[in-house]
Amino acid sequence: MVNFAFIILGVIVGFLSGMFGIGGGILITPALVFMFGFTQKMATGTTLALMLPPIGILAFVEYYKNGMVNLWAAVFIICGFLAGSSGGAKLVMKLDELTVKRSFGIMLISIGLYYISQKK
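Anyway, here's the lowdown on the structure attached to this text.

Conventions used here
- Residues numbered from 1 in each chain as written.
- Predicted model: local features only at pLDDT ≥ 70, side-chain atom pairs only at ≥ 80, totals over all residues.
- Heavy atoms only, no water.
- Helix = DSSP H or I, 4+ residues; strand = E, 2+ residues; numbered from the N terminus.
- Core = buried A, V, L, I, M, F, W, Y, C linked by side-chain atoms within 4.5 Å.
- Buried < 20%, exposed > 50% of the residue type's maximum accessible area, 1.4 Å probe, protein only.
- Contact = heavy atoms within 4.5 Å.
- Phe/Tyr/Trp six-rings, centres within 6.5 Å; stacked < 30°, edge-to-face > 60°.

### Here we look at the environment of Val61
Reasoning step 1: Of note, Val61 is situated in helix H4 (residues 57–65).
Reasoning step 2: Sequence separation between Val61 and Ala83 is 22 residues; the distance between their C-alpha atoms is 26 Å.

### Observations regarding the nonpolar core
Reasoning step 1: Formed by Leu9, Val13, Ile28, Ala31, Leu32, Val33, Phe36 and Ala43, the largest nonpolar core amounts to eight residues.
Reasoning step 2: Only helix H1 (2–20) and helix H2 (24–34) provide two or more residues apiece to this core.
Reasoning step 3: The leading source of residues in this core is H2, at four residues.
Reasoning step 4: Setting aside residues no more than four positions away along its own chain, Leu9 makes contact with Ile28, Ala31, Leu32 and Phe36.

### Here's the deal with the packing of aromatic side chains
Reasoning step 1: Inspection of the entire model under this criterion finds five aromatic pairs.
Reasoning step 2: Measuring from ring centre to ring centre gives 5.8 Å for Phe60 and Tyr64, while their planes differ by 35 degrees; the resulting arrangement is tilted. Separated by four residues within a single helix, Phe60 and Tyr64 lie in helix H4, roughly one turn from each other.
Reasoning step 3: Judged by relative accessible area, Phe60 falls into the partly exposed class, the value being 34%.
Reasoning step 4: Exposure remark for Tyr64: the relative accessible area of 45% places this residue in the partly exposed category.
Reasoning step 5: Here Trp72 and Phe76 contribute two aromatic rings whose centre-to-centre distance is 6.3 Å and whose plane-to-plane angle is 35 degrees, an arrangement assigned as tilted. Linking Trp72 with Phe76, this pair stays in helix H5 (residues 71–92), spanning four residues, or about one helical turn.
Reasoning step 6: Owing to a relative accessible area of 58%, Phe76 belongs among the exposed residues under this scheme.
Reasoning step 7: Chaining the aromatic ring pairs together yields one cluster made of Phe6, Phe36 and Phe38.

Next comes the structure, spelled out in structure tokens:
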């Protein structure tokens, strides 16, 4: 039963990822914590495991075919992401669960408030 729920979660997140370019951190991580009882760190690690290629390849191809991908920007972001993700993972392993959860919540609220406050 849980495996089927994971598949449903994947379909929903895949759909939203294809629409908005979001996924792991914003949708899957909280779902794993609140719906499946994962710890924050276990949810983050699991999310990172599924973000590896080719998870978004089909959505990427569709956007690329329609001229909506800046490949150079993606390459540079990937380079930065590799360095940043390693540092972030090392830091979070030193923090307690509650601090990690609260930090994650603050990040989500901040992003949401920024989007809501936009005038156009």
